[in-house]
Number of protein chains: 2
Amino acid sequence: MPQLEPKFLSRGPLDSKEARWKRLVKTNYIDPNGVQRDWESAERQTRPKDSLVDGVNIVAFLNKSTGSELLLEKQYRPPIDQVVIELPAGLIDPGETIEQTAIRELREETGYIGVTNKTSGIMYNDPGFCNSNFNMVYVQIDMSLPENQDPKPSLEDNEFIECFTVPVSRLSAELENLEKEGYAIDARVGCIAEGIEIAKKLKF
Amino acid sequence: MPQLEPKFLSRGPLDSKEARWKRLVKTNYIDPNGVQRDWESAERQTRPKDSLVDGVNIVAFLNKSTGSELLLEKQYRPPIDQVVIELPAGLIDPGETIEQTAIRELREETGYIGVTNKTSGIMYNDPGFCNSNFNMVYVQIDMSLPENQDPKPSLEDNEFIECFTVPVSRLSAELENLEKEGYAIDARVGCIAEGIEIAKKLKF
């Protein structure tokens with residue numbers, strides 16, 4: 001666990017020429033009426049040349065005696081100066097498959113060793129604004145394995161992540177409570193919670 | 001319906017000084033180890049000064065004799081040069097409440113007149129990359145009203161949107177089919193579909 005609370009100091013404009021991790025681009029296109037237009041958007045600079053996606057989001061269930069639990073993270077995010085409730089996630093490294101990224105990121109961020117059992121299609125986070133995207137990878141964690149008894153994350157110097165689990169059936173209520181406590185909610189886990197509540201309500 | 005297919009011409013770097021709609025920023029902060037760091041991120045320039053969010057995503061159900069249908073859109077998105085399957089959505093105008101934005105955007109993009117019945121907390125689309133966020137607003141559309149018999153969108157000059165509905169119970173399968181047909185999938189609707197499938201599988 002982090003020793004101190006992260007502290008926001010300042011935020012200011014970033015010149016395109018100085019940016020190393022993100023960039024602005026302009027797309028020129030002809031619209032369906034035949035009119036030529038420009039559209040501004042943002043991109044990560046980190047996507048490998050041979051990759052169609054930036055990274056993965058990971059849905060990892062832990063089967064406990066009390067029911068199925070979803071593995072989540074608390075992570076300080078400088079772009080919004082808040083600690084965010086998120087799925088484990090990460091960016092693809094050059095040469096990796098999506099599934100390899102998921103297994104590696106899960107191990108690094110949470111310490112758990114898992115096996116993938118389903119990968120979604122590509123999803124776009126906010127396609128009017130940016131090209132940022134991911135595959136959702138479902139990972140099974142065998143809690144009976146010795147290596148999963150006392151999971152030890154191996155975080156990078158600039159990563160500060162705290163793992164926790166919530167009962168899947170109570171995900172929406174737990175997120176509401178966490179938001180009241182001051183945490184921000186990531187849209188991927190937030191929308192999964194919305195979907196669960198929709199299914200409950202419509203009695204699927 | 002659009003007369004022509006949109007046509008991608010080119011994409012290139014955008015200088016910060018020329019950007020009118022999006023921007024890059026740098027956040028300076030002290031991490032939990034006491035180390036001072038910078039973090040690059042992207043933002044919309046359109047968020048009103050008094051607003052905590054960029055806009056809304058809208059979950060609108062149409063109750064048909066065959067069951068509940070979810071209202072979706074196909075929209076060409078220049079940042080990824082693909083037609084994307086999305087929820088109705090839009091940016092907040094200065095002075096609007098979240099709910100007013102939802103009702104206005106639903107009317108403009110789909111022609112339907114609805115009433116809001118639930119608003120989620122704020123969700124962040126990709127908080128390691130950008131501050132882009134939204135509230136999810138649930139809107140009820142009374143299909144027996146005369147104004148909802150033949151809905152007429154009123155789109156802006158640069159908006160090209162086609163509405164359609166899918167049975168909520170089959171959302172995940174329908175998105176898979178649409179992806180196979182070449183459409184991109186927005187993460188908000190994609191993650192709702194994942195949540196519905198999780199609830200079905202765990203028999204909530």
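As a convention, each chain's residues are numbered from 1 in the sequence order in which they are written. Whichever chain is written first is A, and whichever ligand is written first is 1; the rest continue in order. Per-residue local features of the predicted model are confined to residues with pLDDT of at least 70, and side-chain atom pairs are confined, for both listing and counting, to 80 or more; whole-chain, interface and lining totals are unaffected and use all residues. Only hydrogens and water are set aside; all other atoms, that is, all heavy atoms of the structure, feed into the side-chain values.

## So, the overall build of chain A
Item 1. Every helix listed is a DSSP run of H or I at least four residues long, and every strand listed is a run of E at least two residues long, numbered separately from the N terminus. Assigned secondary structure in chain A consists of 3 helices and 11 strands.
Item 2. Reading chain A from its N end, one meets helices and strands in the order β-β-β-β-β-β-β-α-β-β-β-α-β-α.
Item 3. Each principal axis of the C-alpha distribution contributes one length, and for chain A these read about 60 × 45 × 40 Å.
Item 4. A simple rule labels every residue: compare its accessible area, found with a 1.4 Å probe on the protein chains alone, to the largest value its type can have, and call it buried under 20%, exposed over 50%, or partly exposed in between. Burial analysis of chain A (204 residues in total) assigns 53% to the buried set.
Item 5. By definition, residues are in contact when any of their heavy atoms lie within 4.5 Å. For chain A, the proportion of contacts with a sequence separation of at least 24, taken over those separated by at least 6, is 60%.
Item 6. Summed over all atoms, the accessible surface of chain A reaches about 9300 Å², with 49% contributed by carbon and sulfur.
Item 7. The charged-residue count follows a simple rule in which Lys and Arg add positive charge and Asp and Glu add negative charge, with His and chain termini not counted at all. By convention, charge coordinates are those of NZ in Lys, CZ in Arg, CG in Asp, or CD in Glu. A distance of 3 Å separates the average location of the 24 positive side-chain charges in chain A from that of its 34 negative side-chain charges. Using the Shrake-Rupley algorithm and a 1.4 Å probe, accessible areas are obtained, with residue cover drawn only from the displayed protein chains.

## Points about the packing of helix α2 (residues 171–180) of chain B against helix α3 (residues 187–201) of chain B
Residues and elements named next belong to chain B.
Item 1. Fitted lines through C-alpha atoms serve as axes, helices being fitted only where they are in contact, and the angles separating the N-to-C directions of these axes extend from 0 to 180 degrees. Remark: α2 packs on α3, axes separated minimally by 8 Å, with the N-to-C direction vectors making an angle of 135°. Of the possible angle classes, the one that applies to α2 and α3 is oblique. Considering the relative orientation of α2 and α3, their crossing is left-handed. Each of L171, S172 and L175 in α2 lies in contact with α3, whose residues at this interface are V189, G190, I192, A193, I196 and E197. Note on angle classes: values under 35 degrees are labelled roughly parallel, values over 145 roughly antiparallel, values of 65 to 115 roughly perpendicular, and the remainder oblique. Whether a crossing is left-handed or right-handed is set by the direction in which the near helix is turned from the far one by less than a right angle, anticlockwise for left-handed and clockwise for right-handed.

## Description of the nonpolar core
Item 1. L70(A), L171(A), L70(B) and L171(B) are the most contacted members of the largest nonpolar core, which has 51 residues in total.
Item 2. Contact partners of L70(A), with chain neighbours within four places excluded, come to V59(A), A60(A), F61(A), L87(A), F164(A), T165(A), V166(A), V168(A), L171(A) and V189(A). Residues belong to a common nonpolar core when they are buried Ala, Val, Leu, Ile, Met, Phe, Trp, Tyr or Cys residues joined through side-chain atoms within 4.5 Å.

## Regarding the UniProt feature "domain: Nudix hydrolase" (unreviewed entry) in chain A
Item 1. UniProt positions are given in the numbering used here, feature names are shortened, and annotations may be inferred rather than shown by experiment. In this numbering, the UniProt entry assigns the feature "domain: Nudix hydrolase" (unreviewed entry) to residues 51–189 of chain A.
Item 2. Secondary structure content for residues 51–189 of chain A is 19% helix and 42% strand, while the C-alpha to C-alpha distance between its ends is 24 Å.

## Regarding the interface of chain A and chain B
Item 1. Taken together, the contact between chain A and chain B spans 90 residues of the former and 90 residues of the latter.
Item 2. Carbon and sulfur atoms supply 63% of the area buried between chain A and chain B, which totals about 8200 Å² over both sides.
Item 3. We define buried area as the total accessible area lost by two parts upon association, computed with a 1.4 Å probe and summed across both. Per-residue buried area on chain A facing chain B is highest for L24(A), P32(A) and E40(A); these three make up 10% of the total on that side.
Item 4. The term salt bridge refers to a side-chain nitrogen of Lys or Arg lying within 4 Å of a carboxyl oxygen of Asp or Glu. Where chain A touches chain B, the interface holds 8 salt bridges.
Item 5. Between D15(A) and K17(B) there is a salt bridge, with its nearest N and O atoms 2.7 Å apart.
Item 6. Side-chain classes are defined by residue name, with Ala, Val, Leu, Ile, Met, Phe, Trp, Tyr, Cys and Pro counting as nonpolar, Asp, Glu, Lys and Arg as charged, and the others, Gly among them, as polar. Tallied by class, the residues present in the side of chain A that touches chain B amount to 44 nonpolar, 22 polar and 24 charged.
Item 7. Pairing between strands requires that DSSP locate at least two bridges from one strand to the other. Bridge count between strand β1 (residues 7–13) of chain A and strand β2 (residues 22–30) of chain B: 6 bridges; the pairing is antiparallel. Its bridge partner being in β2(B), K7(A) is matched across the sheet by I30(B).

## Things to note about the packing of helix α3 (residues 187–201) of chain A against α3(B)
Item 1. Look at α3(A) against α3(B): their axes get within 6 Å of each other, and the N-to-C directions meet at 50°. Looking at the two axes, α3(A) sits oblique to α3(B). As for the relative orientation of α3(A) and α3(B), their crossing is right-handed in sense. From α3(A), R188(A), C191(A), I192(A), E194(A), G195(A), I196(A), I198(A) and A199(A) reach across to α3(B), where they touch R188(B), C191(B), I192(B), E194(B), G195(B), I196(B), I198(B) and A199(B).
Item 2. By residue class, the composition of the contact of α3(A) with α3(B) is 10 nonpolar, 2 polar and 4 charged.

## Regarding the sheet that holds strand β3 (residues 36–44) of chain B
Item 1. Taken in spatial order, the 3 strands make up an open sheet running β1(A)-β2(B)-β3(B), and their pairing is antiparallel. The two strands at the open ends of the sheet, each matched to only one other strand, are β1 of chain A together with β3 of chain B. The mean inter-strand angle of the sheet, taken between neighbouring strand axes irrespective of direction, is 25°.

## Observations concerning helix α1 (residues 98–110) of chain A
Residues and elements named next belong to chain A.
Item 1. A helix is expected to span 1.5 Å multiplied by its residue count minus one. In this model, α1 (13 residues) spans 18 Å end to end at C-alpha, consistent with the 18 Å of a helix rising 1.5 Å per residue.
Item 2. Looking at the buried side of α1, the elements it contacts are β4 (55–64), β5 (67–77), β7 (89–91), β8 (114–124), β9 (133–141) and β10 (161–167).
Item 3. The first or second residue beyond α1 is G111, which carries a positive phi of 90°.

## Thoughts on the relation of the copies chain A and chain B
Item 1. Mapping chain A onto chain B is achieved by rotating through 180° and translating by 0.0 Å along the same axis, at an RMSD of 0.0 Å. When the rotation and shift are considered jointly, the pair of chain copies conforms to a two-fold rotation axis. Looking at the rotation axis and the C-alpha trace of chain A, the residue lying nearest is G195(A), at 2.1 Å.
Item 2. Same-surface contact between copies: 100% of interface residues of chain A are shared with the interface of chain B. Least squares is the method used to superpose the copies, on C-alpha atoms of residues holding a pLDDT of at least 70 in both.

## Some details on the packing of aromatic side chains
Item 1. Planes of paired rings set the category: under 30 degrees apart is stacked, over 60 is edge-to-face and the rest tilted, where pairs are Phe, Tyr or Trp rings (Trp by its six-membered ring) whose centres lie within 6.5 Å. Overall, the coordinates contain 2 aromatic pairs over all chains when judged by the stated rule.
Item 2. Each ring, one from Y29(A) and one from Y76(B), has its centre 5.6 Å from the other, and the planes form 45°; the classification is tilted. A residue pair is termed interchain when its members come from two chains, as with Y29(A) in strand β2 (residues 22–30) and Y76(B) in strand β5 (residues 67–77). By the burial criterion, Y29(A) is buried, and Y76(B) matches it.
Item 3. Over the face of the ring belonging to F204(A) we find K200(B), whose NZ or CZ atom lies 5.8 Å from the ring centre. Consider the ring centre and the ring normal. A charge sits over the ring if Lys NZ or Arg CZ is within 6 Å of that centre and within 35 degrees of that normal.

## Focus on α2(B)
Residue and element names in this part refer to chain B.
Item 1. Where α2 is concerned, the buried positions are L171, S172, L175 and L178. Projected down its long axis, α2 shows its buried positions confined to an angular sector of 125°, all on one face.
Item 2. Looking at the buried positions of α2, the neighbouring elements they touch are β5, β6 (82–86), β10 (161–167), β11 (184–186) and α3.
Item 3. A positive phi of about 110° marks G182, the residue just after α2. Working note: the arc is built from the helix axis to C-beta atom directions.

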